[in-house]
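Residue-level structural notes
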Amino acid sequence: MHSDPKREDELPDIKQSDDPEQAFDESPPKLKEVVDVIKKGRAASAPGPNGVPYKYRKEGVSGCIEHTSVLSQIIREVKDSKGELAVVWLDLANAYGTVPHKLVELMLERYHVPDGVRALIKEYFNHLQLRFTVGDFTTSWQRLEVGIVTGCTISVILFSAAMNMIVKSVEKKSRGPWMKSEVLQPLGRAFMDDMTISTKTVIEARWTLRELDKMITWARMKVKPNKSRSLVVNNGKVKEERFKIGDEIIGNE
């Protein structure tokens, strides 16, 4: 489904973010920037010691794996130190297909993207049309009123930024766990359509879930509780604990 009866409805107002310290650079790419990008691209395509191009070796460690690796390290350290930790993995329901275009517009405003760029992106989404072919049948052109096109580079970037805005909105009253390296980890993480929260206590996790549920509902999106999961470590040991998102229990299949 690509229609959205609420497409033109504004999202309820939220607190304005702080003004940027540096203005957005709208100038055309400089020659040096273009040359640097080409050089990096050529270097990434060069074969490594085993004959495999570096770019493929690098892409093999995706953002999802890197995201999971950090969480795994946090869990190991908490177990070793006999500490306490609560982690909740949230699965958004059809996130790509349900993200409202108004959320994208608001994100661009909150991130202080210049008016000209925002107007260009809005015009792009206003005229985005799709059609599908099954066998020898092709549908008529349909306007995309909600969601993004995953094959479109700018749509994926905008989606990630919008999800980041939602996650960051719940970090103001709580903080994530510390690692042995004395690096404070963020309370929330978003990787495309998956969200993760990691807190130092169960109480903080419950509070964060309530706030996150409010923001996801505000954005006219939904979480799939039965596809989401949680983990609690208390005194270095895994402990059984149930969490809720809205009125539904997480991981209750």
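With that settled, the discussion passes to the pattern of salt bridges. Considering all chains together, one arrives at 9 salt bridges under this definition. Between Lys224 and Asp91 there is a salt bridge, and its shortest N-O distance comes to 3.5 Å. With Lys224 in the loop between helix H8 (202-218) and strand S8 (229-234) and Asp91 in strand S1 (residues 85-91), this pair connects stretches of sequence that are 133 residues apart. Judged by its relative accessible area of 17%, Asp91 is buried. The shortest N-O distance in the salt bridge between Glu241 and Arg206 comes to 2.7 Å.

The next thing to look at is the pairing of S8. Walk down a regular strand and you will see the side chains alternate between the two sheet faces. Direction of pairing for S1 relative to S8: antiparallel, over a ladder of 5 bridges. What sits directly across from Ala86, in S8, is Val232. Two strands pair when backbone bridges link them, and S8 and strand S9 (residues 237-239) are joined in this way by 3 bridges, in the antiparallel orientation. When the bridges of S9 are listed, Asn234 appears paired with Lys237. If you look at the hairpin formed by S8 and S9, you'll find 2 residues sitting between the two strands, and Asn235 has a positive phi there, around 55 degrees.

Taken together, 5 strands build an open sheet; the order of strands is S6-S7-S1-S8-S9 and the sheet is antiparallel. Strands with a single pairing partner mark the edges of an open sheet, and in this sheet they are strand S6 (188-191) and S9. Neighbour-to-neighbour, the strand axes of this sheet turn through a mean angle of 20 degrees, independent of strand direction. Pairing of S1 with strand S7 (residues 194-199), which is carried by 6 bridges, proceeds in the antiparallel orientation. Residue pairing across strands places Val87 opposite Ser198, the latter belonging to S7. Running over the sheet, helix H7 (residues 153-168) touches S6 and S7 and is turned about 165 degrees from S6. Running over the sheet, H8 touches S1, S7 and S8 and is turned about 150 degrees from S7.

On to the environment of Gly147. By the secondary structure assignment, Gly147 is in the loop between strand S5 (142-143) and H7. Taking relative accessible area as the criterion, Gly147 reaches 0% and is therefore assigned buried. Separated by 52 residues in the primary sequence, Gly147 and Ala95 have C-alpha atoms spaced 7.6 Å apart. Sequence-distant contacts of Gly147, that is, excluding residues within four places in its chain, are made with Tyr96, Gly97, Thr98, Val99, His101 and Phe125.

Now for the packing of helix H5 (residues 101-110) against helix H6 (residues 115-126). It is at 10 Å that the axes of H5 and H6 come closest, and there the two elements cross at 170 degrees. As judged from the angle between their axes, H5 and H6 are roughly antiparallel. Taking contact as the criterion, the partners of His101, Val104, Glu105, Leu108 and Glu109 in H5 are, on H6, Arg118, Ile121, Lys122 and Phe125. Of the residues in the contact of H5 with H6, the class split is 4 nonpolar, 1 polar and 4 charged.

On to the packing of aromatic side chains. The tally for this structure, following the rule as stated, stands at 2 aromatic pairs. Measuring from ring centre to ring centre gives 5.4 Å for Tyr124 and Phe125, while their planes differ by 70 degrees; the resulting arrangement is edge-to-face.

Turning next to H7. Given a rise of 1.5 Å per residue, 16 residues ought to cover 22 Å, and the 23 Å separating the end C-alpha atoms of H7 matches this to within 8%. Against helix H4 (95-98), H5, H6, S6, S7 and H8 lie the buried residues of H7.

Our focus in this paragraph is the side chain of Gln185. Residue placement: Gln185 occurs in the loop between H7 and S6. Here Arg189 takes part through its side chain, which lies 2.2 Å from a polar atom of the side chain of Gln185. The contact partners of Gln185, leaving out residues within four places of it in the chain, are Val70, Ile74, Gly176, Pro177 and Met179.

Interaxial distance between H6 and H7 falls to 12 Å at its minimum, and their mutual angle equals 115 degrees. Taken together, the axes of H6 and H7 lie roughly perpendicular to each other. Both H6 and H7 take part in a crossing whose hand is left-handed. Within the contact between the two elements, H6 uses Ile121, Tyr124 and Phe125 and H7 uses Ile154, Ser155 and Leu158.

Reading the values: rules and limits
- Residues numbered from 1 in each chain as written.
- Predicted model: local features only at pLDDT ≥ 70, side-chain atom pairs only at ≥ 80, totals over all residues.
- Heavy atoms only, no water.
- Salt bridge = Lys/Arg side-chain N within 4 Å of Asp/Glu carboxyl O.
- Helix = DSSP H or I, 4+ residues; strand = E, 2+ residues; numbered from the N terminus.
- Buried < 20%, exposed > 50% of the residue type's maximum accessible area, 1.4 Å probe, protein only.
- Pairing = 2+ DSSP bridges.
- Axes fitted to C-alpha atoms, helices over the stretch in contact; angles between N-to-C directions.
- Contact = heavy atoms within 4.5 Å.
- Parallel < 35°, antiparallel > 145°, perpendicular 65-115°, else oblique.
- Nonpolar A, V, L, I, M, F, W, Y, C, P; charged D, E, K, R; others polar.
- Phe/Tyr/Trp six-rings, centres within 6.5 Å; stacked < 30°, edge-to-face > 60°.
- Expected span 1.5 Å × (residues − 1).
- Polar contact = N/O pair within 3.5 Å; in protein donor to acceptor, adjacent residues only side chain to side chain.
- Left-handed = near helix turned anticlockwise from the far one by under 90°.

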